[in-house]
Amino acid sequence: MKSCRRRVVGLVLAVVASALLAAPSSAGASAATRWNLNATNALIATGGQPPPVSMLHLAMVHGAMYDAVNAIDGGYTPYLASPNATPFDSQDAAAATAAYYVLKSILPSQLGTLTTTYNTDPAIDSTVTPDSPAKAGGIAAGIAAANAMITARATDGRFGACCFSVPAVPGPGDWRPLSSAASANDPNGWIRNVTPFMIRSSSQFRTKGPYALTSPQYAREFNEVKALGIKDPTKTTRTQHQTDAALYWSQHPPRTWGRIVRGLETERGLSTADGARLYAQIYLTGADAAISIWDDKEHWGFWRPITAIQQAASDGNPATVA
């Protein structure tokens, strides 16, 4: 499991590093950044979507934004579609429009708020940006890119069958709910069946699975997690820095990533085109990582650390203690 997590973290860090190396091209936040914040607020702050679910939807938003802006900029290969556009069309209008149309398809209950946010966006509001052929062209490109994304994800498996197949009598090493309540199963188990955004299948990067319960490698990882993860600060081996990092990253990672990347994008002065590409790279990668991880969890059906530690007396390993 460690190798899978390290791969995902490495991919994200590589994407962020590439952004830091990009040459600044404009000052201030672009439409891509404005609509990353708008999408994050709508999906997470208002919509209450948990991390893996919001990651899928942020990938949809930013994949469409990238295609809309890239159709105008023409710098890279399209993701899904390359709408008709000219180099003179408004990239900001394209980005805002693509994000708005995807979001309102995902969050119909927020249509009024989203429409107000869209109509008052600097790239769309006629009192800020007068109507022009360039603006109209950007809006058209945004609508086309959004429709391509909405169509592509219409039957992608989101919100399908939800739960893992839990053994009637879970044995040592078997995944199990944390309580007997019906809601104790993972409500996001359906994520394993979602069509990936870029990789070939959810099992393409499946891990080799957990170590055998009786192995010394399992005991080593068990004891590391137990020592670092214990809540009692007088018994843990973790440093204050590790505690702070754990608390920081436990607060809705996609929302945290958004804050970090928006800061990087603004600090580096990325253009709308470069910003749109950066966000698309991060969220499309993150969505496929989530799908792959849930596939791995279902495939191996291995118990969680908290269960493993509580049930250690049953694992047959003399080097672990409940």
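## Description of the overall build of the protein
- A tally of regular secondary structure across the protein gives eleven helices and zero strands.
- Ordered by position in the sequence, the α and β elements of the protein form the string α-α-α-α-α-α-α-α-α-α-α.
- A buried classification covers 43% of the 322 residues belonging to the protein.
- Of the contacts made within the protein by residues no fewer than 6 positions apart, 75% connect residues no fewer than 24 positions apart.

## Details of the nonpolar core
- Membership of the largest hydrophobic core comes to 56 residues, with the highest contact counts inside it found for Trp 35, Leu 56, Met 65, Val 102, Leu 103 and Phe 197.
- The leading source of residues in this core is helix H3 (residues 51-73), at 13 residues.
- Ignoring anything within four residues of it in the chain, the contact list for Leu 56 reads Arg 158, Trp 190, Ile 191, Val 194, Phe 197, Ala 287 and Ile 291.
- Counting residues in each nonpolar core, the second largest holds six residues, with Phe 222, Trp 303, Ala 308 and Ala 312 among its members.

## A look at the pattern of salt bridges
- Evaluation of the coordinates by the stated rule reveals five salt bridges.
- The shortest N-O distance in the salt bridge between Arg 153 and Asp 156 comes to 2.8 Å.
- Judged by its relative accessible area of 4%, Arg 153 is buried.
- Classification of Asp 156 as buried rests on a relative accessible area of 4%.
- Between Asp 295 and Arg 206 there is a salt bridge, with the nearest N and O atoms lying 3.0 Å from each other. Of this pair, Asp 295 sits in helix H10 (residues 272-300) while Arg 206 is found in the loop between helix H6 (133-152) and helix H7 (216-229), placing the two residues 89 residues apart along the sequence.
- If you follow the salt bridges from partner to partner, you end up with Arg 153, Asp 156 and Arg 158 in one network.

## What about the side chain of Asp 288?
- Along the chain, the position of Asp 288 falls in helix H10.
- The side chain of Asp 288 sits in the buried core without any salt bridge; Arg 153 is the nearest counter-charge, 6.4 Å away.
- Of note is the side chain of Asp 288, whose polar atom sits 2.6 Å from the backbone nitrogen of Phe 197.
- Separated by 2.7 Å, the side chain of Asp 288 and the backbone nitrogen of Met 198 make a polar contact.

## Let's talk about the packing of aromatic side chains
- Per the counting criterion, the structure on display carries eight aromatic pairs.
- Aromatic pair Tyr 100 and Tyr 118: ring centres 4.4 Å apart, planes at 5°, arrangement stacked. Separated by 18 residues along the polypeptide, Tyr 100 in helix H4 (residues 91-106) and Tyr 118 in helix H5 (residues 111-119) bring together distant segments of the chain.
- Looking at Tyr 100, the relative accessible area reads 6%, which means it is buried.
- Since its relative accessible area comes to 8%, Tyr 118 is described here as buried.
- Taking 5.2 Å as the distance between ring centres and 85° as the angle between the ring planes, the aromatic pair formed by Tyr 248 and Trp 249 counts as edge-to-face.
- Taking the relative accessible area as the measure of exposure, Tyr 248 reaches 36% and is therefore partly exposed.

## A few points about the side chain of Ser 54
- Among the structural elements, Ser 54 can be located in helix H3.
- Excluding residues that lie within four positions of it along the chain, Ser 54 makes contacts with Leu 43, Ile 44, Gln 49, His 252 and Pro 254.

## Let's talk about unusual backbone geometry
- In this structure, Phe 159 is a non-glycine residue whose phi angle is positive, near 65°.
- You can see Phe 159 is positioned in the loop between H6 and H7.
- By relative accessible area, which is 51% here, Phe 159 ends up exposed.
- Although it is not a glycine, His 252 adopts a positive phi angle of roughly 50°.
- Along the chain, the position of His 252 falls in the loop between helix H8 (240-249) and helix H9 (253-268).

## A look at the environment of Ala 313
- Position of Ala 313 among the secondary structure elements: in the segment after helix H11 (305-310).
- Judged by its relative accessible area of 76%, Ala 313 falls in the exposed class.
- Linking Ala 313 and Pro 172, residues 141 residues apart in sequence, is a C-alpha distance of 9.3 Å.

## Considering the confidence of the model for the protein
- When pLDDT is averaged along the protein, the result is 89, and 89% of the positions lie at 70 or above.
- For the stretch residues 1-28, pLDDT sits under 50, and the model shows 39 contacts to residues farther than four places along the chain or on other chains.

## Section: the packing of H3 against H6
- Contact geometry for H3 and H6: axes closest at 8 Å, N-to-C directions at 140°. Classed by the angle they form, the pair H3 and H6 counts as oblique. Considering how the two elements wind past one another, H3 and H6 form a crossing that is right-handed. Taking contact as the criterion, the partners of Ala 59, Met 60, Gly 63, Ala 64, Asp 67, Ala 68 and Ile 72 in H3 are, on H6, Gly 138, Ala 141, Gly 142, Ala 145, Ala 146 and Met 149.

Quick notes on the rules
Residues numbered from 1 in each chain as written. Predicted model: local features only at pLDDT ≥ 70, side-chain atom pairs only at ≥ 80, totals over all residues. Heavy atoms only, no water. Helix = DSSP H or I, 4+ residues; strand = E, 2+ residues; numbered from the N terminus. Buried < 20%, exposed > 50% of the residue type's maximum accessible area, 1.4 Å probe, protein only. Contact = heavy atoms within 4.5 Å. Core = buried A, V, L, I, M, F, W, Y, C linked by side-chain atoms within 4.5 Å. Salt bridge = Lys/Arg side-chain N within 4 Å of Asp/Glu carboxyl O. Lys, Arg positive; Asp, Glu negative; His and termini not counted. Polar contact = N/O pair within 3.5 Å; in protein donor to acceptor, adjacent residues only side chain to side chain. Phe/Tyr/Trp six-rings, centres within 6.5 Å; stacked < 30°, edge-to-face > 60°. pLDDT = per-residue confidence, 0-100. Axes fitted to C-alpha atoms, helices over the stretch in contact; angles between N-to-C directions. Parallel < 35°, antiparallel > 145°, perpendicular 65-115°, else oblique. Left-handed = near helix turned anticlockwise from the far one by under 90°.

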